[in-house]
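# Structural description and commentary
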Amino acid sequence: MSDLLAGLNPEQQAAVKAADGPVLIFAGAGSGKTRVLTHRIAYLIQEKQIPPYQILAVTFTNKAAGEMRDRIRELAGDNHGQINVGTFHSISARILRREAESLGYSRYFTIYDDDDGLRVIKQIFKDKNLPTDQVPPKGVFYTIKNYKNQMIGPDELVDQPFFFRGGIDLVEVYRLYERRLKQSNAMDFDDLLLKPIELFKNNPAILKLYQSRFRYILVDEYQDTNRAQFQMVKLLSEVHQNLCVVGDDDQSIYGWRGADIRNILDFQDAFPKAQIFKLERNYRSTKTIVTAASAVVGNNRDRATKQLWTEAEQGDPITVLHASDDQHEARLIADKLLEISQQSELTFSDMAILYRTNAQSRALEERLRDYGIPYQLVGGTKFYDRKEVKDSLAYLRIIQNPADDVSVARVLNTPPRGIGKTSELRLASFALDEDISLFEALKRVDETAVGTGPGNRVKDFVTLIEKHGARLAESDLGDWVQAYLIETGLIQQYQAEDSEEAESRIENIYELINGIREFQGRHEEPTLEAFLEEVALLTDVDKLTDDRRQVTLMTCHSAKGLEFPIVFLAGLEEGLFPLIRQTDGDGDLEEERRLFYVGLTRAEKRAFISYCSARQRYGETLLAKPSRFISEIPMDLMEMSTAKVLGDEQPVTTGTNRRGKIMSERKQSPFVAKRIKPEEAVDYAVGQTVEHAYFGRGRIMAITGSGGDSKLTILFAGNQQKKIIARYAKLKIITK
DNA sequence: TTAATCGTACTTTTT
DNA sequence: GTACGATTAA
């Protein structure tokens, strides 16, 4: 069956056939990397007779894992079943559940996300009476995360004077944080990577087991692995050395998360016998796009030498759209989307809009809605991050792991049930004194200083949890969740509110319940723990659908590994892309450039790049210059669009002109953009008729606050009442 | 002591 | 626009 090699170019074939020993494959953008990986696995199974269960393939997202499994199935037939495919985090979680006892955890441990972790830090601040005014808990949390990412534990920091201002001892908070998680039988994302290493180092027998279990290891997106991930694969492949990593140093974009580009650049140092292959032929994009992207990324110093090339046609030049502001930019893009969908065979699902920050999606979304263009948004506020969904999940997590203090604290008084801050504080300090979990403290509420009123409420709460905990085993999971969540009163609380927002929160809770039923239908063992784990490790991209006729909106980071015939890169302005943060100096310009490279190389046929002269950010209007990345593209590959948009002539959308007029210059910021502050608001008064860009004419019913920050309550046509902040509204006074 | 309202600060990218 | 914390009202 060596038709496995048919249709592969010589380099790809060589990479597939080099089955044994360490292998590094540099795979340029669009060079058929996934093909090589899947064919390689099929080759191992069919030609080398390796049992599938001895193969471990690690991908970056669950979606990529699913796709890989599908493609191997096509190639290798039935035998693929027991192959281990997953993300680092999901594979680790699986190992850790099995071996939890060896680490002093129960197998029902909870996975904490950043929000949960931050709550732990905040609780520590409360317990220790640390001041939050000098150093925000968030900052402490991120510092700790940073250390964990680099595998630096609190003990290794001890020699250094790590005191923050305000007398906060970082090492102590770090220690407490680790202790709290352990006591809560919880692991954060970093632990999922660190604990297996700890496990393997302390238990040679267990390590040996997994070494022989994973006799062939393949790692995709290797350029984005961090130190812990490197160590894990190194440990696992130490004996057999059958480690194949695939990546592209030019696409390393997760340095901020601890990814170490040196993992790929220095692979040979760690594995001196490594064979190296380079896939440099691009099959995805036009010559224009390949040449442009290569030219830009060629400005980076820290990279392995390689030259991407293609035999594809030249294709259209990259179109640069210049907009006056972000609203205008959104219109230009929407116009192009419509134009392309009408004048070509392409549909909206062939098009994507990519940007640097999630905040940019709003203006785009508004305009797409106006135009009636269907879109799907990846990222932003995720479904599982919504308050009501997290609350619901917290109720479920308590059942699985009562030691999960974060979840218990989260829902103890949600919905409000008469257990206020004071009671919570007393319970928490009792738990601390007795060295027991918060839930244990609730059960012993009579021994605490909590009053009888709230005390009875606490007892009701405990009864509620225990009652449903006992029922879990004997009922259908979906029915059980529904009954449980209803009895928590969570839904009732929102029903009482009777607002649009509450309405959608209720919908989300039901959507969660439906999600569980759907999970039941597709999972072999639909247990509560399996569901909670899937939810914890799910990414946004995992939920992306291909086949609906929708434009895709997402960040360049999320777009990694995807491709679209038409790609728009929005917001190409100095300070935004490359992004410059005001707080900690210059970021990593080379990484920003790689990110741009990733974005541009997503395009198959045509790329559009847009930038604005002025952009609303943090409530201010900033003047901006076009990104340096635009000028790094060879001139002859670009065309500057001078397209006029119909909408420009309509008075309704003259916000830019008006704003341009009332803008006054302030001092130049240290960075690229000039800061512009709108003048103090015009004098609004109750009873005036005003015109709003979106809502039309209306009458001011009430004003609260003063100046630009004042809130206006305006009654628009159709009895629509809206509250609007004067400063941001594009209001025109019609009559006094 | 609890609940509701008000004011403020925040938004880089994600497993 | 949101989500949190603080302040105030009950």
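Residues numbered from 1 in each chain as written. Chains lettered and ligands numbered in written order. Predicted model: local features only at pLDDT ≥ 70, side-chain atom pairs only at ≥ 80, totals over all residues. Heavy atoms only, no water.

## Notes on the overall build of chain A
Scanning chain A for helices and strands turns up 29 helices and 26 strands. Per-residue burial over chain A gives 53% buried out of 736 residues. Here the analysis covers contacts within chain A between residues at least 6 apart in sequence; of these, 74% occur between residues at least 24 apart. Total accessible area on chain A stands at roughly 33700 Å², and carbon and sulfur atoms take up 48% of it. (Helix = DSSP H or I, 4+ residues; strand = E, 2+ residues; numbered from the N terminus. Buried < 20%, exposed > 50% of the residue type's maximum accessible area, 1.4 Å probe, protein only. Contact = heavy atoms within 4.5 Å. Areas by Shrake-Rupley, 256 points an atom, 1.4 Å probe, with all protein chains shown as cover.)

## Re the pattern of salt bridges
Applying the stated criterion across every chain, the model contains 56 salt bridges. In this structure, Glu221 engages Lys560 in a salt bridge whose closest nitrogen and oxygen atoms are separated by 3.6 Å. One end of the pair, Glu221, is in the loop between strand S8 (216-219) and helix H11 (227-237); the other, Lys560, is in the loop between helix H26 (556-559) and strand S15 (564-569), and 339 residues separate them in sequence. Given the relative accessible area of 7%, Glu221 is considered buried. With relative accessibility at 9%, the residue Lys560 sits in the buried group. The closest approach of N and O atoms between Arg262 and Asp302, which form a salt bridge, is 3.4 Å. In this pair, Arg262 is assigned in helix H12 (residues 262-265) and Asp302 in the loop between helix H14 (287-297) and strand S11 (318-323), connecting sequence segments 40 residues apart. Salt bridges here are not isolated pairs; linked through shared partners, they connect Asp113, Asp115, Asp116, Arg119, Lys387, Lys390, Asp391, Arg397, Asp404 and Arg410. (Salt bridge = Lys/Arg side-chain N within 4 Å of Asp/Glu carboxyl O.)

## Some details on the sheet that holds strand S12 (residues 351-355)
Spatial ordering of the open sheet is given by S13-S14-S12-S15-S16-S11-S19, a layout of seven strands whose pairing is parallel. Single-partner strands in this sheet number two, and they are strand S13 (375-377) and strand S19 (638-641). Looking at each pair of strands side by side, their axes are set apart by 25° on average, direction ignored. The pairing of S11 with strand S16 (residues 603-612) spans five bridges and is parallel. Across the sheet, Val320 pairs through a bridge with Ile609, a residue of S16. Sheet contacts for helix H16 (residues 361-371): S12, S13 and strand S14 (551-555); angle to S13, the most-contacted strand, approximately 160°. (Pairing = 2+ DSSP bridges. Axes fitted to C-alpha atoms, helices over the stretch in contact; angles between N-to-C directions.)

## Focus: the packing of aromatic side chains
For the coordinates displayed, the defined rule picks out 15 aromatic pairs. An angle of 45° between the planes, with centres 5.2 Å apart, marks the rings of Phe60 and Tyr254 as tilted. With a gap of 194 residues between them, Phe60 in the loop between strand S2 (55-59) and helix H3 (62-76) and Tyr254 in the loop between strand S9 (243-247) and H12 connect regions that are remote in the sequence. Judged by relative accessible area, which is 24%, Phe60 ranks as partly exposed. Ring plane angle 85° and centroid distance 6.0 Å describe the contact between Tyr395 and Tyr484, whose orientation is recorded as edge-to-face. Residue Tyr395 is found in helix H17 (residues 387-400), and its partner Tyr484 is found in helix H22 (residues 477-488); the two are separated by 89 residues along the sequence. Note on Tyr395: relative accessible area 0%, which makes it buried. Three or more aromatic residues joined by ring pairs form one cluster here, namely Phe60, Tyr254 and Trp256. (Phe/Tyr/Trp six-rings, centres within 6.5 Å; stacked < 30°, edge-to-face > 60°.)

## Observations regarding the nonpolar core
Grouped together as the largest cluster of nonpolar side chains are 44 residues, with contacts concentrated most on Phe200, Ile217, Val219, Leu236, Leu243 and Phe267. Of all the secondary structure elements, the ones that give two or more residues to this core are strand S1 (23-27), S2, helix H4 (88-99), helix H9 (189-202), helix H10 (204-213), S8, H11 and S9. Those residues in contact with Val219 that sit more than four places away from it in its chain are Val58, Phe88, Thr225, Val233, Leu243, Cys244, Val245 and Val246. Counting 43 residues, the second largest nonpolar core, distinct from the first, contains Leu393, Val445, Leu512 and Leu532. (Core = buried A, V, L, I, M, F, W, Y, C linked by side-chain atoms within 4.5 Å.)

## Observations concerning a positive patch on the surface
Side chains of Lys122, Lys126, Lys138 and Lys421 sit close together on the surface and give a patch of like positive charge. For Lys126, the position within the fold is in helix H5 (residues 114-127). (Patch = residues over 30% accessible without salt bridge, like charges linked within 9 Å, V, L, I, M, F, W, Y side chains within 5 Å. Lys, Arg positive; Asp, Glu negative; His and termini not counted. Charge placed at Lys NZ, Arg CZ, Asp CG, Glu CD.)

## Section: the sheet that holds S9
Read across the open sheet, the six strands follow the order S3-S2-S8-S9-S1-S10; overall the sheet is parallel. Where the open sheet ends on each side, the last strands, each with one partner, are strand S3 (84-87) and strand S10 (275-279). Taking each pair of neighbouring strands and ignoring which way they run, the sheet shows an average axis angle of 15°. With three bridges joining them, S8 and S9 adopt parallel strand pairing.

## Notes on helix H6 (residues 137-149)
Its 13 residues place the ends of H6 18 Å apart at the C-alpha level, agreeing with the 18 Å of an ideal helix rising 1.5 Å per residue. Along H6, the positions that sit buried rather than exposed are Pro137, Val140, Phe141, Ile144, Lys145, Tyr147, Lys148 and Asn149. Phi turns positive one or two residues past the end of H6, at Met151, with a value near 60°. (Expected span 1.5 Å × (residues − 1).)

## Focus on the side chain of Gln251
Secondary-structure assignment places Gln251 in the loop between S9 and H12. When its relative accessible area of 7% is taken as the criterion, Gln251 is described as buried. At 3.3 Å, the side chain of Gln251 and the side chain of Arg602 are in polar contact. The residues contacting Gln251, other than those within four sequence positions of it, are Ala27, Gly28, Ala29, Gln223, Asp224, Lys560, Arg594, Tyr597, Val598 and Arg602. (Polar contact = N/O pair within 3.5 Å; in protein donor to acceptor, adjacent residues only side chain to side chain.)

## Looking at the pairing of S12
Among the five residues that make up S12, five are buried, leaving the element largely enclosed by the rest of the structure. Here S12 shows two buried faces, one formed by Met351, Ile353 and Tyr355 and the other by Ala352 and Leu354. The pairing of S12 with S15 spans four bridges and is parallel. Residue Ala352 lies in a different strand from S15, and its bridge partner there is Val567.

## A look at the side chain of Arg97
In this fold, Arg97 is placed in helix H4. Its relative accessible area of 12% is what places Arg97 among the buried residues. Not counting the four nearest positions on each side in its chain, Arg97 is found in contact with Arg107, Tyr108, Phe109, Ile111 and Glu533.

## Looking at unusual backbone geometry
Cis geometry is adopted by the peptide bond preceding Pro415, which originates at Thr414 and carries an omega value of 0°. Inspection of the secondary structure puts Pro415 in the loop between helix H18 (405-411) and helix H19 (421-434). The omega torsion across Phe577 and Pro578 is 10°, close enough to zero to call that bond cis. On the secondary structure map, Pro578 appears in the loop between S15 and helix H27 (589-600). Positive phi, close to 55°, is recorded for Asn185, a residue that is not glycine.

## Structural notes on the confidence of the model for chain A
Atomic detail in the predicted coordinates should be set aside for any region of low pLDDT. Per-residue confidence for chain A gives a mean pLDDT of 83; residues scoring 70 or more make up 82%. Across chain A, the element-wise mean pLDDT spans from 26 in strand S20 (residues 663-668) up to 96 in S8. Counting contacts from residues 644-682, a segment whose pLDDT is below 50, to residues more than four positions away or on other chains yields 57 contacts. Every residue in residues 705-709 scores below 50 in pLDDT, and together they form 11 contacts with partners more than four places removed in sequence or on other chains. (pLDDT = per-residue confidence, 0-100.)

## Overview of the packing of H17 against helix H21 (residues 452-471)
With their axes 10 Å apart at the nearest point, H17 and H21 run at an angle of 70° to one another. With respect to each other, H17 and H21 are oriented roughly perpendicular. Pair H17 / H21 crosses with right-handed handedness. In this structure, H17 uses Tyr395, Ile398 and Ile399 to contact H21, whose residues at the interface are Phe461, Leu464, Ile465, His468 and Gly469. (Parallel < 35°, antiparallel > 145°, perpendicular 65-115°, else oblique. Left-handed = near helix turned anticlockwise from the far one by under 90°.)

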